[in-house]
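Chain and residue survey
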Amino acid sequence: MLAFGVWSWVIWITFAKNLWKDGSGLAFDDAGDPTAYFWVHLLLAITSFLLGTAVGLIGLRGVRALRRTS
């Protein structure tokens with residue numbers, strides 16, 4: 001669970017940065033305004049980031065509990 005939390009931070013923050021710098025025309029229209037594609041994928045990235053953080057924190061609590069009992 002802890003590894004998933006770390007993976008989520010790395011993957012989704014990188015994805016959000018790449019989404020922000022998108023030059024393909026999917027994330028931003030010709031006027032530079034965000035498109036529906038941008039908002040949907042930003043929402044997915046934020047949700048996945050938050051869920052990954054929660055799962056990672058649960059994993060961290062589990063690792064700490066194992067260390068206390070050993």
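Please read all numbers here as calculations on a predicted model, not as lab measurements.

This part covers the UniProt feature "transmembrane region" (unreviewed entry) in the chain. Following the UniProt record, one finds the feature "transmembrane region" (unreviewed entry) at residues 36–60. Secondary structure across residues 36–60 divides into 100% helix and 0% strand, with the first and last C-alpha atoms of the span separated by 36 Å.

It is worth spelling out the side chain of Ser8 at this point. Within the fold, Ser8 resides in helix H1 (residues 2–20). Overall, the relative accessible area of 0% leaves Ser8 in the buried class. In contact with Ser8, not counting residues within four places along its chain, are Ile13, Ser48, Phe49 and Gly52.

Further remarks concern a positive patch on the surface. A cluster of basic residues, Arg61, Arg64, Arg67 and Arg68, forms a positive patch on the protein surface. Among the secondary structure elements, Arg68 is positioned in helix H2 (residues 36–69). On the basis of relative accessible area, Arg68 is assigned to the exposed category, the value being 66%.

A few words on a nonpolar patch on the surface. On the surface, a cluster of nonpolar side chains totalling about 660 Å² of accessible area is made up of Phe4, Val6, Trp7, Trp9, Val10, Ile11 and Ile13. Structurally, Ile11 is set in helix H1. For Ile11, a relative accessible area of 35% puts it in the partly exposed group.

Now for the side chain of Thr35. The topology assignment puts Thr35 in the loop between H1 and H2. Among the residues examined, Thr35 registers a relative accessible area of 19% and is labelled buried. Excluding residues within four positions of it along the chain, Thr35 makes contact with Leu26, Ala27, Phe28 and Asp29.

About the criteria used
Residue positions are given per chain, counting from 1 as you read along its sequence in written order. The model is predicted, so local features are restricted to residues of pLDDT at least 70 and side-chain atom pairs to those at 80 or more, both for listing and for counting; the totals for chains, interfaces and linings are taken over all residues. Working from all heavy atoms in the structure, the side-chain values ignore hydrogens and water. UniProt positions are given in the numbering used here, feature names are shortened, and annotations may be inferred rather than shown by experiment. Under the scheme used here, helices are H or I runs from DSSP no shorter than 4 residues and strands are E runs no shorter than 2 residues, and both carry numbers assigned from the N terminus. Only protein chains enter the accessibility calculation, which uses a 1.4 Å probe; a residue is then buried when its area is under 20% of its type maximum, exposed when over 50%, and partly exposed in between. Whether two residues touch is decided by their heavy atoms; if any such pair falls within 4.5 Å, the residues are in contact. Nonpolar side chains (Val, Leu, Ile, Met, Phe, Trp, Tyr) are joined into patches within 5 Å and like charges within 9 Å, using only residues with over 30% relative accessible area and no salt bridge. Values of accessible area rely on a 1.4 Å probe in the Shrake-Rupley scheme; residue burial ignores everything except the protein chains shown. The term salt bridge refers to a pairing of a side-chain nitrogen on Lys or Arg with a carboxyl oxygen on Asp or Glu at a separation within 4 Å. Charged residues are defined here as Lys and Arg on the positive side and Asp and Glu on the negative side; His and the ends of the chain fall outside this count. Charged side chains are reduced to one point each, which is NZ for Lys, CZ for Arg, CG for Asp and CD for Glu.

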